[in-house]
Amino acid sequence: ELKIGSVLLSLPISESRAPLWPVDIVGSITHNHSLVGAAVSKNTELLGVGIDFEVMDRVKCEMGRYICGPQDLKSHADLSDTEILTLIFSAKESLYKALYPSVNCFFGFNAAAVKEINFLEGSFIIELVSQINLNFGPSGRSQFQGRFLIQDNNCLTVLEIKP
């Protein structure tokens with residue numbers, strides 16, 4: 001539940017712990033130790049939206065083998081190893097949150113790879129390397145562009161799935 005002024009909003013959650021948005025809405029929620037965020041849209045505008053906040057030093061390098069696969073970007077001139085790992089983690093979280101309502105099944109970090117990061121534009125390209133369902137994966141829609149912002153030791157990623 002969320003109280004905004006005198007209005008109390010309630011967003012139920014499913015057995016999978018995903019928010020149960022109203023029928024005509026797609027959305028995503030996120031939080032970290034100091035920030036809370038949400039992204040919502042009418043389902044006529046977007047198939048899905050994913051948003052994720054991460055603290056830059058939360059994802060440790062030793063977690064990289066669980067987060068990154070052979071097709072993920074390995075380094076970037078503008079990012080340290082920890083920063084790129086955090087950005088990849090957050091991008092994959094945003095993709096999962098954006099796609100889950102459409103595919104309605106769990107898929108792990110190894111199902112997608114971050115192929116490109118444009119630091120100046122604050123954008124990334126992420127690609128499904130595994131088939132998630134008939135519509136999403138290498139034999140369907142597989143490549144998506146997201147946006148990111150790194151500020152005050154926080155990483156924000158957002159990804160929209162257009163119809």
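Above this text sits the structure in question.
What comes next concerns the included structure. (Residues numbered from 1 in each chain as written. Predicted model: local features only at pLDDT ≥ 70, side-chain atom pairs only at ≥ 80, totals over all residues. Heavy atoms only, no water.)

## Overview of the sheet that holds strand β9 (residues 154-161)
Thought 1: Across the sheet, which stays open at both edges, the five strands sit in the order β5-β9-β8-β7-β6 with antiparallel pairing between neighbours. Edge positions in the open sheet fall to β5 (48-55) and β6 (112-118), since each of these has one partner strand only. With strand direction ignored, the average angle separating the axes of adjacent strands in the sheet is 25°.
Thought 2: As judged from the six bridges shared by strand β8 (residues 143-151) and β9, these two strands associate in the antiparallel manner. Paired with L149 across the two strands is L156, which belongs to β9.
Thought 3: Its contacts with the sheet place helix α2 (residues 81-103) against β5, β6, β7 (123-128), β8 and β9, and it is angled at close to 150° to β5. (Pairing = 2+ DSSP bridges. Helix = DSSP H or I, 4+ residues; strand = E, 2+ residues; numbered from the N terminus. Axes fitted to C-alpha atoms, helices over the stretch in contact; angles between N-to-C directions. Contact = heavy atoms within 4.5 Å.)

## Concerning unusual backbone geometry
Thought 1: Positive phi outside glycine occurs at N104, with the angle close to 50°.
Thought 2: Taking the relative accessible area as the measure of exposure, N104 reaches 56% and is therefore exposed.
Thought 3: In the Ramachandran plot, N153 falls in the positive-phi region, its phi being about 65° despite a non-glycine side chain.
Thought 4: On the accessibility criterion, N153 (42% relative accessible area) is partly exposed. (Buried < 20%, exposed > 50% of the residue type's maximum accessible area, 1.4 Å probe, protein only.)

## As for the environment of A113
Thought 1: Mapped onto the elements, A113 comes out in strand β6.
Thought 2: Residues A113 and I88, spaced 25 residues apart in sequence, show a C-alpha to C-alpha distance of 8.2 Å.
Thought 3: If we skip the residues at most four places from it in the chain, A113 touches Q71, D72, K92, I125, I126, E127 and V129.

## Remarks on the packing of aromatic side chains
Thought 1: Here the structure, examined in full by the defined rule, presents six aromatic pairs.
Thought 2: Ring-pair connections join several aromatic residues into one group, and the members of that group are Y96, Y100, F106 and F107. (Phe/Tyr/Trp six-rings, centres within 6.5 Å; stacked < 30°, edge-to-face > 60°.)

## Observations regarding the pairing of strand β3 (residues 25-31)
Thought 1: Note that β3 and strand β4 (residues 36-42) share seven bridges and pair antiparallel. Of the residues in β4, the one forming a bridge with I29 is A38.
Thought 2: As consecutive antiparallel partners, β3 and β4 are separated by four residues.

No statement about biological role is implied by the geometric values presented.
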